[in-house]
Amino acid sequence: MGGMKSWPEAPRRVVMHVDMDAFFAAVEENLLPVLRGKPVIVGGPRGVRGVASTANYAARAYGVHSATSLTKAAQLCPDAHFISSSFGAYADYSRRIVEILHRFSPKVEPASVDEAYLDVTGMERHFESPWALAVALKKAIQVEMDLTCSVGIAPNKLLAKMASSQYKPDGLFALEAEGVEEWLAPQPVRNLWGVGAKTEDALERLGIRKIGDLQALSREALIRRFGKWGHVLHDLARGKDNGSVVPKDERPTEKSISHEHTFGVDSDDPVLWHATLLALSDRVARRSRQSGLAAKTVTLKFRTSDFVTRTHGHSLERPTTSENTIFGMACRLLDECQPDGKFVRLLGVSLSNFTAVDTQGELLADPSESKDSEVTRTVDQIRDRFGSDAIGRLGARYS
Amino acid sequence: MRAVQEPLFGAHFTSEGEITSSGHDAATGAMYQELNDPVDVLVLFEDGALKPQRFRWKGRVHRVAQVTGRWKTDKGAAQVRHFALMDEEANFFQLAYDEHSAAWKVTRVWVE
């Protein structure tokens with residue numbers, strides 16, 4: 001690997017993946033500097049049900065990671081400081097980091113609150129090399145935000161993401177197109193995008209553990225075994241990815257809008273289930289109206305105390321943005337899951353199969369919805385002005 | 001922290017706060033409390049920024065030694081400005097200023 005000490009010749013792309021190190025915990029350490037150097041677990045107070053959203057590196061040394069249950073985390077790391085998430089702070093810090101990234105490239109794609117891709121192809125007028133650009137970027141984030149990040153530089157998004165995880169925290173690693181297959185070969189297949197536990201198990205049954213094992217299989221063999229996914233696996237194993245870095249304002253319309261709620265204590269109370277569905281329907285309906293999208297399909301997510309999860313969807317006669325219609329369908333879907341006597345852990349409502357709402361939308365909508373629309377508009381206006389908690393439906397609650 | 005009545009800039013004032021939740025950790029002695037507690041704050045407006053200088057909470061004035069973090073959240077059309085800060089006695093607080101109601105609150109307090 002040459003380390004990207006110079007710019008590759010066109011038409012080769014240069015993509016960076018910027019991954020903030022233990023982001024939520026690092027922000028909390030900034031806000032409360034006495035926490036620095038101590039194990040910090042973000043997700044909730046000790047003893048409550050839930051999972052860690054982030055553990056800092058001091059806590060990771062005890063085996064605590066994202067998604068570790070808080071109960072387990074307390075056993076693994078009894079001296080840890082448990083902190084409730086301050087999502088407002090993380091979102092604002094994230095926004096400021098993206099502003100910094102925009103100084104280094106106009107093509108910035110935030111992938112989540114703590115990671116982003118940059119296409120820095122053609123920035124040779126401003127920086128001596130991709131490596132020099134990454135060093136300057138890391139320094140800007142360190143100086144202005146007092147946070148560290150790990151950066152991967154590569155010819156595409158897949159490889160850039162894999163490269164950023166090479167030397168965490170505060171790492172920098174560059175991959176050039178030459179030698180990519182050799183670099184990938186000894187790595188476990190789970191390091192590839194989209195290879196989760198199920199695919200890993202399926203590959204393991206075929207004796208495939210390393211990416212190199214995957215590289216040895218032909219495209220046809222993988223397609224025979226995995227269908228269309230085999231086609232993708234064949235490319236991933238060779239580090240091929242044509243995905244573009246897509247800035248947020250150029251993204252296509254969202255495919256689904258969903259909200260879910262985990263009960264503090266598993267509930268067998270139908271009144272609470274329906275109150276929760278009402279609150280969730282209200283939230284997804286409002287988001288669909290804000291996006292100017294009407295949904296044709298409503299899907300219920302239903303998880304019982306034994307962690308069995310069902311998703312159950314149904315299409316409506318007409319696309320809707322009405323919480324009443326969505327709530328009605330969600331209740332019907334819940335009934336069809338035959339929940340009586342069960343203890344429910346989680347409920348979720350998801351909308352999909354969208355069409356844009358135009359000025360004629362109300363004329364085409366279900367006549368029974370029109371009487372609600374004036375109330376809905378007024379409620380939306382109040383929430384736009386005073387916040388989403390300013391007004392709500394009687395009976396809608398989570399717990 | 002002592003609970004002593006002390007004026008912020010002259011008049012005495014007492015605010016009764018409500019603790020909404022707490023993260024007391026008996027094992028380590030570390031503690032934070034989440035609050036929604038009205039507070040009087042003396043602020044400097046400088047270079048377009050809001051800089052809390054001191055505040056009175058539960059009758060006691062705390063002088064701000066360092067602002068360790070600041071961020072904004074939306075509340076409808078208005079914004080809420082949040083400040084993480086340390087007073088001169090190394091106590092840590094989080095304050096929030098709601099632009100719509102022009103009111104300050106203590107939202108978190110940390111006691112080591």
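See the structure shown above.
In short, a report on the structure. (Residues numbered from 1 in each chain as written. Chains lettered and ligands numbered in written order. Predicted model: local features only at pLDDT ≥ 70, side-chain atom pairs only at ≥ 80, totals over all residues. Heavy atoms only, no water.)

A short note on the nonpolar core
Residue and element names in this part refer to chain A. In terms of nonpolar packing, the biggest core is built from 49 residues, with L137, I141 and L147 touching the most fellow members. For this core, the element with the highest residue contribution is helix α4 (residues 87-101), accounting for seven residues. Setting aside residues up to four positions removed in sequence, L147 forms contacts with M20, F23, A26, V27, N30, Y93, I97, I141 and Q142. Residues L158, F173, A202 and L222 belong to the second largest nonpolar core, which totals 27 residues. (Core = buried A, V, L, I, M, F, W, Y, C linked by side-chain atoms within 4.5 Å. Buried < 20%, exposed > 50% of the residue type's maximum accessible area, 1.4 Å probe, protein only. Helix = DSSP H or I, 4+ residues; strand = E, 2+ residues; numbered from the N terminus. Contact = heavy atoms within 4.5 Å.)

Focus: unusual backbone geometry
Looking along the chain, the bond that leaves K168 of chain A and enters P169 of chain A is cis, with omega of -5°. Along the chain, P169 of chain A turns up in the loop between α6 (157-164) and β8 (172-174). The phi dihedral of N353 of chain A is positive, around 60°, even though this residue is not glycine. With respect to the helices and strands, N353 of chain A occurs in strand β12 (residues 344-356). You can call N353 of chain A partly exposed: its relative accessible area is 46%. Phi angles above zero are rare outside glycine, and D47 of chain B is one such case at about 50°. Of note, D47 of chain B is situated in the loop between β3 (40-46) and β4 (49-57). The exposure class assigned to D47 of chain B is exposed, which follows from its relative accessible area of 74%.

Digging into the environment of K228 of chain A
Residue and element names in this part refer to chain A. Here K228 lies in helix α11 (residues 228-237). For K228, a relative accessible area of 78% puts it in the exposed group. In sequence terms K228 and V189 are 39 residues apart; their C-alpha atoms lie 18 Å from each other.

Focus on the interface of chain B and chain A
The interface is formed by 25 residues belonging to chain B together with 29 residues belonging to chain A. Buried area between chain B and chain A, both sides added, is near 1,800 Å², and the carbon and sulfur share of it is 58%. Applying the counting criterion to the chain B and chain A interface returns one salt bridge. Among the ionic pairs, R108 of chain B bridges to E28 of chain A, the shortest N-O distance being 3.8 Å. Our count for the chain B to chain A interface comes out at six residue pairs in polar contact (both at pLDDT 80 or more). Of all the secondary-structure elements, those providing two or more residues to the side of chain B that touches chain A are β2 (31-38), β5 (60-75), β6 (78-87), β7 (92-98) and β8 (103-111) of chain B. Ranked by residues supplied to the side of chain B that touches chain A, first place goes to β5 of chain B with seven residues. (Buried area = accessible area lost by both parts, 1.4 Å probe. Salt bridge = Lys/Arg side-chain N within 4 Å of Asp/Glu carboxyl O. Polar contact = N/O pair within 3.5 Å; in protein donor to acceptor, adjacent residues only side chain to side chain.)

What to know about the side chain of S350 of chain A
All names here are of chain A. With respect to the secondary-structure elements, S350 resides in strand β12. Judged by its relative accessible area of 17%, S350 is buried. Setting aside residues up to four positions removed in sequence, S350 forms contacts with S256, I257, S258, T297, V298 and T299.

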